[in-house]
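Close look at the chain arrangement
The residues making up each chain are set out below.
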Amino acid sequence: MNKLKIAKQIPLVVLAKRILKRVLPAQRIIYTDNELRSTFSIYKIQSLLADAEFEEIADLQITNHYINHEFDLLGSGWQNRDLKKTITFNSAHQTYHDKVIQLVSTNYQFINWQLDVISGFEFDVTKQFDQQNIGKTKNVGIKNCWELGRLQHLPQLAIAAVTAENKEKLILEFKNQCLDFISSNPVGMGVQWACAMDVGIRVSNLLVALDIFNKIDETKILTEDFNQLFANAIYQHGLFIYHHLEHKEGAAGNHYLFNLVGLLFVSNYLSESEEMVKWKRFTEYELEKEFYKQFFNDGGNFEGSTCYHCLCTEAMLYGTALLLRNGKKLSQKYINLLYHVANFIKIIAKPTHEIPQFGDNDSGRLFILDNKNKNLLNYDSLLAGFSGLFAESDFDCFSTKQPNQKLIIEHIIQSNKLPTPNTKRQTPNAKYQTPNPKLQTSIITEIKFPSNIETQKVMLYSYPNFGMLVYKYEQFYLAISTISNKKMHHGWGHVHNDKLSFELQVNGIDLVKDPGTYSYSANLEERNEFRSTKAHHGIVVEGI
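Presented here is a report on the structure given in the accompanying data block. What you see is a predicted model; the values in this text were computed from it and never measured. Here the residue numbers are simple positions, counted from 1 along each chain's written sequence. At least 70 in pLDDT is required for a residue's local features to be given in this predicted model, at least 80 for side-chain atom pairs to be given and counted, and no such filter applies to totals for whole chains, interfaces and linings, which use all residues. In computing side-chain properties, one takes all heavy atoms of the structure into account and sets aside hydrogens as well as water.

1. Details of the packing of aromatic side chains
Given two aromatic rings, their pairing is described by the distance between the two centres and the angle made by the two planes. Quick note on the threshold: Ring pairs are drawn from Phe, Tyr and Trp, using the six-membered ring of Trp, whenever the two centres fall within 6.5 Å, and their geometry is named by plane angle: stacked under 30 degrees, edge-to-face over 60, tilted for the rest. Three labels apply to residues, based on accessible area from a 1.4 Å probe with only protein chains included: buried if under 20% of the type maximum, exposed if over 50%, partly exposed otherwise in between. Helix and strand definitions follow DSSP, with helices as H or I runs of at least four residues and strands as E runs of at least two, each counted in order from the N terminus. Working rule: Lys NZ or Arg CZ, within 6 Å of ring centre, within 35 degrees of ring normal, means a charge sits over the ring.
Enumeration according to the criterion identifies 32 aromatic pairs in this entry. Taken together, a centroid distance of 5.5 Å and an interplanar angle of 55 degrees make the contact between Phe291 and Phe295 tilted. The residues Phe291 and Phe295 share a single accessibility class, namely buried. A centroid spacing of 4.7 Å and a plane angle of 70 degrees characterise the contact between Phe344 and Tyr463, whose relative ring orientation is edge-to-face. Of the two residues, Phe344 is situated in helix α13 (residues 332-348) and Tyr463 in strand β5 (residues 459-463); the sequence distance between them amounts to 119 residues. Grouped by ring-pair contacts, the aromatic residues Tyr43, Tyr235, Tyr242, Trp279 and Phe282 constitute a single cluster. Positioned above the aromatic ring of Trp193, the side-chain terminus of Arg202 is 5.0 Å from the ring centre. Here the guanidinium or amino end of Arg365 rests over the ring plane of Tyr379, the centre of that ring lying 4.0 Å away.

This is the structure we're talking about:
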């Protein structure tokens, strides 16, 4: 979409603020010559999960991949990410790096946090995050680097260590990887600070992983000095997010939700102070405001994507849990909408527990606690988390196989669950119109499936605000996209040109399926191709 079209979508107040920001920019923070990591903070790390009894459900083969620094990210396949050369830092950052690496085990292999393994392009850690050569070199996928830097594998290692025979090895690996990341990524420098959303996701995963590891660290591998260095790094993460909020002058999207959730994790885990209270109050107000702005009354999200709906829902799950921990009183309106937001995922899921792909999908999550689930369209673990938030809800069935999400939520809210709303959204009757005889169809495709489908059992679920129809029962599933661009996030969010496109599944077999996103930032031509009308199963007008 060109800039003029985007400008037309943006409210005048937001547009005026953006113009003013360009004319009178705020003072830019310079990280190149500043070493913020050496600043000693007053904070200690508190525990939110001290009594949690996690169930080890990790795939041990995948755990070994992580120990060997092998990661399969965004379709890269299992790639070793060890650093193959010596990296030189700016003079302001080199001394601290040299000091911290003295705490790392002598046989530890450092990770290359700046390398896109697909293209071979390497970002520059001597340049500030907003001076990186992003998107100017063809086929460079910055999201692959960000995915590594989210450190979502660390909570998996922690949960695996709970019952592992090599527990001490896993604790030591966690310690080394944390020291590696902290020493190799000066605050504000390189690719790992280029997106505040990813900083929020990373800091949340670091805190949860440390909480679990500290509980089982009987031999004190994680020393007091390490925990203090870790606390300093957590504070710097929070400070960076606070200074680089992706508010977009009032036209924020999913990124801003994760800024807020990251700040909530930091301010709840770090010891009490006036600054932490300030962050809590700020995020409480902003999260509630954004919740009503970013979700429709029918529960759907305004990004125009089923997968981004799930991503934003996960942010609201953990954000709400942290609000409750802080004593926030939620209105019935908030509780009802949150229930519909979660139930949206349950309803649109196929009998095989996959959601349909309408709009963008970048495989984003806040936490990936279960590495056995290879199906990125399965969100049962997210719904299991809601079973920890709502008392006696329709989500309880999901926590049997996915207990750890529920466990974390219950400990965050200290078992102070929300009442499950007794109102359920009514599904309007389907409306049919006689086809216009003037319309000409050039191609007719007949899809045949078994005749024993009991059509009288097919239920219709309609989401008029989000734009989606779902016909569903255990043997039959049909989802139709009616997403309206004009209703979605300014700039059209993550919408595809998939109007009236559909996904069809019969007896657990997909007969018609959306092709997905394929490429995100690495190849703009392929990205646009997969967003186009021709890539979907909808209406195609010749010549357009």
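2. Thoughts on the nonpolar core
This is how it is decided: Take the buried Ala, Val, Leu, Ile, Met, Phe, Trp, Tyr and Cys residues and link them wherever side-chain atoms come within 4.5 Å; each set so joined is a nonpolar core. Throughout, a contact is declared for two residues whenever any of their heavy atoms are within 4.5 Å.
Of all hydrophobic cores here, the largest spans 144 residues; its most connected members are Phe174, Phe213, Phe265, Leu389 and Met468. Setting aside residues up to four positions removed in sequence, Leu389 forms contacts with Leu317, Thr320, Ala321, Leu324, Leu338, Ile409, Ile413, Lys417 and Leu418. Ranked by size, the runner-up nonpolar core spans 10 residues in total, among them Ile453, Ile480, Val506 and Val512.

3. Here's the deal with a nonpolar patch on the surface
Our working rule: Patch criteria: residues need more than 30% relative accessible area and no salt bridge. Like-charged residues are merged within 9 Å; nonpolar side chains of Val, Leu, Ile, Met, Phe, Trp and Tyr are merged within 5 Å. Here the accessible surface of atoms and residues is derived via Shrake-Rupley with a 1.4 Å probe, and residues count as covered only by protein chains that are part of the display. One speaks of a salt bridge when a side-chain nitrogen belonging to Lys or Arg is within 4 Å of a carboxyl oxygen belonging to Asp or Glu.
A cluster of nonpolar residues, Leu500, Ile539 and Val541, forms a patch on the protein surface that exposes about 280 Å² of accessible area. Mapped onto the elements, Ile539 comes out in the segment after α16 (524-531).

4. Brief notes about the side chain of Lys280
Basically, it comes down to this: Two N or O atoms form a polar contact when they lie within 3.5 Å of each other; inside protein one atom must be a possible hydrogen donor and the other a possible acceptor, and for residues adjacent in sequence the pair counts only when both atoms belong to side chains.
Turning to its location among the elements, Lys280 is positioned in helix α11 (residues 274-294). Among the polar contacts listed, one links the side chain of Lys280 to the side chain of Glu272, at a separation of 3.5 Å. In this view, Lys280 contacts Ser267, Asn268, Glu272 and Asn326; residues no more than four positions away in its chain are not counted.

5. Comments concerning the pairing of strand β8 (residues 502-506)
In the case of a regular strand, side chains alternate between the two sheet surfaces. For the record, the criterion: Only when DSSP finds a minimum of two bridges between them are two strands counted as paired.
Counting buried residues in β8 gives four out of five residues, a clear majority hidden from the surface. Here strand β7 (residues 476-481) pairs with β8 via five bridges, running antiparallel. Looking across to β8, one finds that Ala479 is bridged to Glu503. Summarising the sheet, β8 and strand β9 (residues 509-512) pair through three bridges and their orientation is antiparallel. Among the inter-strand pairings, Val506 is bridged to a residue of β9, identified as Ile509. Following β8, the chain reverses through two residues before pairing antiparallel with β9; Asn507 in that reversal takes a positive phi of roughly 50 degrees.

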